[in-house]
Amino acid sequence: MAAVLVTLLVLCLSGPSEAFVPIGGGASTHVSIGGTALLQKVTDTCRAVVEASGHEFKPTGHSPEELVRACLGPTATGEVSGAKFHSALQEIYVQNGLVDRDFVNSAPHHFNSERFMEGRGLIMEGMASIKANVRKENFQAARETLGRVLHTLQDFYSHSNWVELGNREPYINLIRPDLPLENLAGKCSHGGKADLTSSAIPRGGISKDERRSDNVALHTAAVNVATAASLQLLEDIRLAAGDNDFLRMMGIARSSVLCFVIDTTGSMSDDIDEARAVVNEIIDGKKGTQDEPSEYILVPFNDPEFGPMVRTTDPDIMKSEISKLRAKGGGDLPEMCLSGLQLALTGAPASSQIYVFTDATAKDIALKDTIVALIRSTKSTVSFFMTGPGSRRRRSIRAASFNDYKDLALASGGQAIQVAKNQLPQATEVILDTSTSALVTVLQRARNPGKQETFPFMLDESLKNITIYITGTSITFTLTNPAGVSQSHSEASGNLGTIQTVGNLRRIRLNADMQTGTWQININSNQPYTLKVTGQSIITFIYDFVEAFGGPHPGYAVISGRPQAGQPANLLLSVIARKGPSSMTVGEVGLVTVSGPESVSNGKTTDMGNGDILLTIDKVPEGEFVVMLKGTDKESNSLFQRQSTTSMSVSKVNIQVIVDSSVEPGETLSLPFSVITQGSGGAYQVNARNDKNLAMTYPPSLSLKTGQYSNATLTMKPPADTLSGTDITLTIEVKSSSGADSNYAVLRISVVQKITDFTPPLCQMVSVLADDCPADVSQCSPFQWELSANITDGNGTGIVKILKRQGDGSLSYSSLSAPIVQANYNASCCSQIVEFVAVDEVGNVGKCYHSIVRSGGPPALTVSMSLWLCLLISAFMSALH
């Protein structure tokens, strides 16, 4: 064994695969290793972006919230929310941990049983998928794959004897398939609590998953190298993606996204004009502030056509695209509204605000359950602006009405606003209110049938721009502040705020000097109504319903569909405050019904560290519910409350399905899935839909027995011309024959072309002219130096971009389509280092680096010396990578 340790890299025996523990415990975890690397790489990237724009990068602290504020807010005014960054981190952490559940017995996923090539293959396949997804702006799919890839990469250092051999740097060959894996062989005991062979000689085992008394130094070394390897992989992705898209993948972007879904049939001319006016007002009025949207999305729909979706970060492109819309076609009243909304929900970032303009009911009403599933999966908010009568002769039980839009709005936490066409300009004030950064919901309720009821809600010092919305007819109300001052519905401008009434909407904008504390609003109506209180604040929370899983490293997995009925519900929450979780105290957390008699179920909280809370609810409310959180903001010493927007309910049906890899264009994907019910057995209808309209095969129904899984398989085949990086959103729905119970699973499947080009572009220096640069750097200002280089990609996929990484000079280059790209760099002698990178079509990265820094004052490098040095550096970098 000693001889083997000197020369060979050893992997453990096959058996249950272990890993660095996913969360918690007495050791460094996958979350802490990945989190350290992710935060450091995001910090480095933010610093580069901010300093490149001429500003100083100055985080006020070390929390993710303060990092986001320093990254996005050097000059822009307004609130900066860290919610998207937290959500991105959680998506990566969760997928990392799921490798221990979904692939517990897969040796390649954990670098067990000498499966070196297969393990590296998983990493390379994942990296190719991430880079392709980023190029297509499918950032959620990229994050999910990143979590899985980081797990496998990190396990190499825990499950091999890389550190036992004295190595304290990462094994770069794991992310460079053009470099060979050499001298990798041998076996030994895995080690750890789950390994029954670890008591045999040699005792202890090689696993460094957990810190034990016999492996403290090695565990620490494995953690450090795994962290460095994670940074190395992230830097490769960053270079391929570019700084801005890397930050977008990590959720570092202004929180507002402007997403319009617009009916373009013949009667919609006025509505299109108003939507166009709102877009222009938002773009022109919010430019340069934190409320400026980070993305613009436009989806037109007609009959029978819908789409295509336009998605851009360029406001001028959004203006141009919406200016092209013309009202035409249509004819019969229902239109393809839900098909357009499906495109928006699958294409927009999670937690987006989506605005639908239409004057007709939905012809594609069969999509309603799919839309509800997508709303719950993405936690996006959908508001409808309806300018038609909303009624039609009902030809079948599935015929649509405007009530369907109201159902979808309520499920998402949005508004269903019904107005005459000439009232639309007043109604769209809602879009100006909600297309803002750091938008939070304080309270949301619905009553059907309506009744008189008083609703209390807490306003805290951090809230700004507080607005109350009431939708319904025949409504009276009275608003009262903590001091007892009141304002009725009939006072358009009063002591507490201004009231605007348009169509079925009452919009109450509170005065800026509002009092903090407990407010209340008394509403009286015998008709259905909804109530929503919103504002802007950094203080918020994100959440997911989760289920526990066992095995060598137990953890929690996010539930894709509805939580299970008849058992406690678990939620994983992350609280977001001004200076991180330490600047707030969490009080009550629970589930509260949205409609009908109000029922509140408070739960037991467990602190998971770093602001994460595990909430366990023993008795889940019946019907639709949301999450309510109350606490204290330590910065202002004021009480606060926040509420989730997306309604949820429980189900006795459960769907189990795992996507373990991407699919190639033109190849068939077979996706096994299992269904179980704890309710009544019998025939259950199966329905599957995807947002790319691909043909699929699956059984139309399953015969279920109570408590027993029934297995099935879905197949799909993306066309051979599907672009690499395309993201397919698949929804599988299972419903009982009576329709009384149902559940769903929402999956993202990446289409990625098989990669055959693994060689990075090559940089060769041609000349360096730096003789004029003085030896005394303090005299550098009047002098210039220049460099020229040839960049080639050989027989590769071709260079697609060249980016400067270091240096204050100017970089220019010839056409990227030429076999040899000529790069020229000019700089002041005060800027003595230059580095630029070339990225090819599949994301391979080549580097050019040169320095004119002198040590001890020798003469400047000659062209021949520089060329020799550059070739040496190039060869070294090739070997390193």
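Attention here is on the structure that accompanies the text. (Residues numbered from 1 in each chain as written. Predicted model: local features only at pLDDT ≥ 70, side-chain atom pairs only at ≥ 80, totals over all residues. Heavy atoms only, no water.)

As a further point, take the state of the cysteines. Overall, the coordinates contain 4 disulfides when judged by the stated rule. Covalent S-S linkage joins C46 and C71, the inter-sulfur distance amounting to 2.1 Å. On the S-S bond that ties C46 to C71, the torsion sits near -90°, and the link is left-handed. Of this pair, C46 sits in helix α2 (residues 30–52) while C71 sits in helix α3 (residues 64–72), placing them 25 residues apart in sequence. (Disulfide = S-S within 2.5 Å. Helix = DSSP H or I, 4+ residues; strand = E, 2+ residues; numbered from the N terminus.)

A word on the sheet that holds strand β27 (residues 653–657). Within the open sheet, the 4 strands sit side by side as β27-β28-β32-β30. Their pairing is antiparallel. Each end of this open sheet is capped by a strand with a single partner; those strands are β27 and β30 (696–697). Across 7 bridges, strand β28 (residues 669–677) lies against strand β32 (residues 710–716) in antiparallel orientation. Looking across to β32, one finds that L671 is bridged to L714. (Pairing = 2+ DSSP bridges.)

A separate point is the pairing of strand β18 (residues 540–549). Of all the 10 residues making up β18, 7 are buried; the element is thus mostly covered by neighbouring parts of the structure. Pairing of β18 with strand β20 (residues 569–576) involves 7 bridges; the strand directions are antiparallel. When the sheet's bridge partners are listed, F545 is paired in β20 with L571. Taken together, the 4 bridges between β18 and strand β19 (residues 555–558) define a ladder with antiparallel strand orientation. (Buried < 20%, exposed > 50% of the residue type's maximum accessible area, 1.4 Å probe, protein only.)

Relative to the helices and strands, Q353 is located in strand β6 (residues 353–358). Residue Q353 is classed as buried on the basis of its relative accessible area of 15%.

The next thing to look at is the sheet that holds strand β37 (residues 799–806). Read across the open sheet, the 3 strands follow the order β37-β40-β41; overall the sheet is antiparallel. Strand pairing shows two members of the sheet lacking a second neighbour, β37 and β41 (845–851), which therefore form its edges. Across the sheet, the axes of successive neighbouring strands diverge by a mean angle of 20°, strand direction being ignored. Pairing analysis gives 7 bridges linking strand β40 (residues 833–840) to β41, with the strands arranged antiparallel. For I833, the partnering residue across the bridge sits in β41 and is S851. Against the sheet, helix α8 (residues 216–241) contacts β37, β40 and β41, and its axis sits at roughly 115° relative to β37. (Axes fitted to C-alpha atoms, helices over the stretch in contact; angles between N-to-C directions. Contact = heavy atoms within 4.5 Å.)

In this section: the packing of α2 against α3. It is the contact of α2 with α3, at a shortest axis distance of 9 Å, that shows an interaxial angle of 20°. Looking at the two axes, α2 sits roughly parallel to α3. Of the two possible hands of crossing, α2 and α3 adopt the one that is left-handed. The segment α2 lies against α3, with L39, V42, T43, C46 and V50 engaging P64, L67, A70 and C71. Grouping the amino acids of the contact of α2 with α3 by side-chain chemistry returns 8 nonpolar, 1 polar and no charged. (Parallel < 35°, antiparallel > 145°, perpendicular 65-115°, else oblique. Left-handed = near helix turned anticlockwise from the far one by under 90°. Nonpolar A, V, L, I, M, F, W, Y, C, P; charged D, E, K, R; others polar.)

We now examine the packing of helix α6 (residues 116–135) against helix α7 (residues 139–159). It is at 9 Å that the axes of α6 and α7 come closest, and there the two elements cross at 155°. Taken together, the axis directions place α6 and α7 in an arrangement best described as roughly antiparallel. Where α6 crosses over α7, the two elements pack in a sense that is left-handed. Side by side, α6 and α7 meet where F116, G119, L122, I123, G126, M127, S129, I130, N133 and V134 of the first sit next to F139, A141, A142, T145, L146, V149, T152, L153 and F156 of the second. Considered class by class, the residues forming the contact of α6 with α7 number 13 nonpolar, 6 polar and no charged.

Now for the pattern of salt bridges. One pass over the full model with this rule turns up 39 salt bridges. A salt bridge links R311 to E295; its shortest N-O distance comes to 2.5 Å. With R311 in strand β5 (residues 310–312) and E295 in strand β4 (residues 295–301), this pair connects stretches of sequence that are 16 residues apart. Classification of E295 by relative accessible area gives buried; the value is 6%. In this structure, the salt-bridge partner of R578 is E461, at a minimum N-O distance of 2.6 Å. In this pair, R578 is assigned in the loop between β20 and β21 (584–593) and E461 in the loop between β10 (453–459) and β11 (464–472), connecting sequence segments 117 residues apart. For E461, a relative accessible area of 37% corresponds to the partly exposed category. Residues joined in a network through salt bridges with shared partners are K41, E235, R238, D243 and R805. (Salt bridge = Lys/Arg side-chain N within 4 Å of Asp/Glu carboxyl O.)

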